[in-house]
Amino acid sequence: MEMGVLGSLVLVSGRVDLTPSAPKPRQLLAFLMLNANRMVRASDCIKELWDSHPPKSSMSTLQTYVLHIRQALRCTAAEVHGRTLVTQNHGYQLNVAPHSFDRFRFAYMDRLGQEAAAAGRFQQASDRFSEALALWRGPALQDVRTGPLSRTHLVELEETRKCVLERRIEADLRVGRHRELLDELAALAVQHPTHENIHAQYMLALHRSGYRPRAVTVHHMLSSALRDTLGIEPTPRMQDLYEAIKSGAPELDVPALTPRIV
């Protein structure tokens, strides 16, 4: 059985799509997936589905939605024995094997990448981070109307995805792929005009590719965006990188010295 939230909602057994089509059961299934292997209180399920305006029949309706999900799971071997979606302590728990859930695989590949980077194996780190990012099929739960409790998970997932992307770029810089990164970093700098680490990576890639004036310009654009949007100046570490690039500091050409600003 395959489950997924990194894009559209996925519940597949073999070649059979088991994903509920009705909006509320889909929303409940997505919420249970986001809390996989943890007990979710029925009151939290009600909050997720109806926010602060639950119907008087919310508990019985919730139980009906749980039944719909169980019916979708009924052809899986685990659910025949009642092990996939269990009821306990006035709540529900969706039990998921780590290899069958894209969110768990994403976290696992990220962890492997971080371990490889810590050991100085940057090509391996880049590969693992790339595999983690390849699991994303679009914005998380892009085809599900999510409630207030799920939105916190979605923000966390998106922030983690961005961090993994930065870690992959950092690993690529460590192995000398500065020229290959220029287009990607240019697009990211436009998407995130006040993100210092992305701009630092872009400046470093430009500097190592022989485009020092463009790297200086990127810093000026970041400084303007920070002042206009947030009313702040770049951090001292960002300023140090700027000064090092302006002076052509030779240590910036050594991949092992690739800086992380934030």
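For the structure itself, consult the block above.
Residues numbered from 1 in each chain as written. Predicted model: local features only at pLDDT ≥ 70, side-chain atom pairs only at ≥ 80, totals over all residues. Heavy atoms only, no water.

### Quick look at the packing of helix α7 (residues 148–174) against helix α8 (residues 178–191)
The geometry of α7 relative to α8 is characterised by a closest axis approach of 10 Å and an angle of 155° between their N-to-C directions. If you check the angle between α7 and α8, you find them roughly antiparallel. Note that α7 runs across α8; the crossing there is left-handed. Contacts between α7 and α8 involve Leu165, Arg168, Ile169, Asp172 and Leu173 from the first element and His178, Leu181, Glu184, Leu185 and Leu188 from the second. (Axes fitted to C-alpha atoms, helices over the stretch in contact; angles between N-to-C directions. Helix = DSSP H or I, 4+ residues; strand = E, 2+ residues; numbered from the N terminus. Parallel < 35°, antiparallel > 145°, perpendicular 65-115°, else oblique. Left-handed = near helix turned anticlockwise from the far one by under 90°. Contact = heavy atoms within 4.5 Å.)

### A closer look at the pattern of salt bridges
Opposite charge on two side chains makes pairing possible when the charged atoms of those side chains draw close. Under the defined criterion, the tally for this structure stands at 14 salt bridges. Across the pair Asp102 and Arg137 runs a salt bridge whose closest N-O atoms are separated by 3.1 Å. Placement of the pair is Asp102 in helix α5 (residues 102–118) and Arg137 in the loop between α6 (122–134) and α7, with a sequence separation of 35 residues. Among the ionic contacts, a cluster of salt bridges with common partners joins Arg168, Asp172, Arg177 and Glu184. (Salt bridge = Lys/Arg side-chain N within 4 Å of Asp/Glu carboxyl O.)

### A word on the pairing of strand β6 (residues 91–94)
Residues Gly91 and Gln93 of β6 are buried on one face, and the alternating residues Tyr92 and Leu94, pointing to the opposite face, are buried as well. As defined by bridge partners, strand β4 (residues 39–41) adjoins β6 across three bridges and the pair is classed as antiparallel. Residue Arg41 lies in a different strand from β6, and its bridge partner there is Gly91. Sheet topology places strand β5 (residues 85–88) next to β6; four bridges connect them, and they run antiparallel. Across the sheet, the residue bridging to Thr87 is Tyr92, located in β6. Taking the residues between adjacent antiparallel strands as the criterion, β5 and β6 are bridged by two residues, where Asn89 takes a positive phi near 50°. (Buried < 20%, exposed > 50% of the residue type's maximum accessible area, 1.4 Å probe, protein only. Pairing = 2+ DSSP bridges.)

### Details of the side chain of His219
Here His219 is to be found in helix α10 (residues 212–230). Among the residues examined, His219 registers a relative accessible area of 3% and is labelled buried.

### Quick notes on helix α9 (residues 196–208)
With 13 residues, α9 should cover 18 Å at 1.5 Å per step; its first-to-last C-alpha distance of 18 Å lies within 8% of that length. With 13 of 13 residues buried, α9 lies mostly within the body of the structure. (Expected span 1.5 Å × (residues − 1).)

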